[in-house]
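Take a look at the letters that make up each chain.
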Amino acid sequence: MEELNDSVNAAYEKAVRILAAASQTRYGLEVKLKRAGFTTEAIKNACEQLEQRRYLDDKGFAKGLASKRIVQGKGRMYIRQELKKKGIAPEIIENIISTISQEEEQEKANIIALGIWENTTRKPSEARKRKVLGTLGRRGYSGSIAFRALAKAIEEEDRTEDA
């Protein structure tokens, strides 16, 4: 029993050092502790202690990451995939994704599309369209949002040409 406590304490101390360097999900921390050679039981107990003390908070981590990605111009699909890859529970992911308004996502996509459209004026129209749609798709925007953003960029260009 004492051996387990020593192992848990060592895992806990290692986890605190890891968390001091960068915020982690429980899954990410478990992987790092496993790589460091700790037992599954020691890792489980250390993570539970960290959660009780609120040093480890998957929901808070997910909110922070989602906010950061929104500012970076990423769409819901990108954010969902990244959170899933980091081991966040599906119910937390869906809760976070549901807080991102479609209007906010559309506005970000519109800004990105307009920027690309304006920076590719020397290319043929079809190539410009592919560039906008491809970029938005890679950034995690749905097809419908990407197409609306493209239409808005084209409309904006037409409006400035008519002026």
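Asker: Teacher, can you tell me more about the packing of helix H4 (residues 58-71) against helix H6 (residues 90-98) here?
Answerer: The description of two helices packed together rests on the angle between their axes and the distance between the axes. Put simply, H4 and H6 touch, their axes get as near as 10 Å, and they point 40 degrees apart. Considering only the axes of H4 and H6, their crossing is right-handed. Each of Asp-58, Lys-59, Ala-62, Lys-63 and Ala-66 in H4 lies in contact with H6, whose residues at this interface are Ile-92, Asn-95 and Ile-96. Considered class by class, the residues forming the contact of H4 with H6 number four nonpolar, one polar and three charged.

Asker: Help me out: how do you make sense of the packing of aromatic side chains in this one?
Answerer: The relation between two aromatic rings is expressed through the spacing of the ring centres and the mutual angle of the planes. Scanning all chains against the criterion turns up zero aromatic pairs. In this structure, Lys-74 packs its charged tip against the face of Tyr-78, placed 4.8 Å from the ring centre. Over the ring of Trp-117 we find Arg-128; its NZ or CZ atom is 3.8 Å from the centre of that ring.

Asker: I would appreciate a short explanation of the side chain of Thr-25 in the present structure.
Answerer: Within the fold, Thr-25 resides in the loop between helix H1 (2-21) and helix H2 (26-35). Note on Thr-25: relative accessible area 4%, which makes it buried. Within the local environment of Thr-25, its side chain forms a polar contact with the backbone oxygen of Lys-86, the two atoms lying 2.8 Å apart. Each residue touching Thr-25, except ones within four places of it in the same chain, is listed here: Leu-56, Asp-58, Phe-61, Lys-86 and Ile-88.

Asker: Before we go on, may I ask you to explain unusual backbone geometry in this structure?
Answerer: Backbone phi values are negative for most residues with the exception of glycine, while trans is the configuration of most peptide bonds. Located in the positive-phi region is Arg-54, a residue other than glycine, with phi close to 65 degrees. Its place among the elements puts Arg-54 in the loop between helix H3 (40-52) and H4.

Asker: In this structure, what is going on with empty space enclosed by the protein? I would like to understand it.
Answerer: Here the idea is plain: a probe the size of a water molecule rolls over the atoms and shows the empty space left. Taken as a whole and assessed by the stated rule, the structure comprises one cavity of 30 Å³ or more. Quantified by volume, the largest cavity comes out at close to 40 Å³. Lining the largest cavity are Ile-70, Lys-74, Gly-75, Arg-76, Ile-79, Ile-100, Glu-104, Glu-105, Lys-108 and Tyr-141. If you list the elements that add at least two residues to the lining of the largest cavity, you get helix H5 (76-85) and helix H7 (102-119). Here the element with the most residues in the lining of the largest cavity is H7; it accounts for three residues. Counted by class, the lining of the largest cavity contains four nonpolar, one polar and five charged residues.

Definitions and cut-offs
- Residues numbered from 1 in each chain as written.
- Predicted model: local features only at pLDDT ≥ 70, side-chain atom pairs only at ≥ 80, totals over all residues.
- Heavy atoms only, no water.
- Axes fitted to C-alpha atoms, helices over the stretch in contact; angles between N-to-C directions.
- Helix = DSSP H or I, 4+ residues; strand = E, 2+ residues; numbered from the N terminus.
- Left-handed = near helix turned anticlockwise from the far one by under 90°.
- Contact = heavy atoms within 4.5 Å.
- Nonpolar A, V, L, I, M, F, W, Y, C, P; charged D, E, K, R; others polar.
- Phe/Tyr/Trp six-rings, centres within 6.5 Å; stacked < 30°, edge-to-face > 60°.
- Lys NZ or Arg CZ within 6 Å of the ring centre and 35° of its normal.
- Buried < 20%, exposed > 50% of the residue type's maximum accessible area, 1.4 Å probe, protein only.
- Polar contact = N/O pair within 3.5 Å; in protein donor to acceptor, adjacent residues only side chain to side chain.
- 1 Å grid on protein atoms, 1.4 Å probe; cavity = no way out; pocket = protein on both sides within 12 Å on 5 of 7 lines; lining within 4 Å.
- Points joined across faces, edges and corners; volume = space filled by probe spheres on them.

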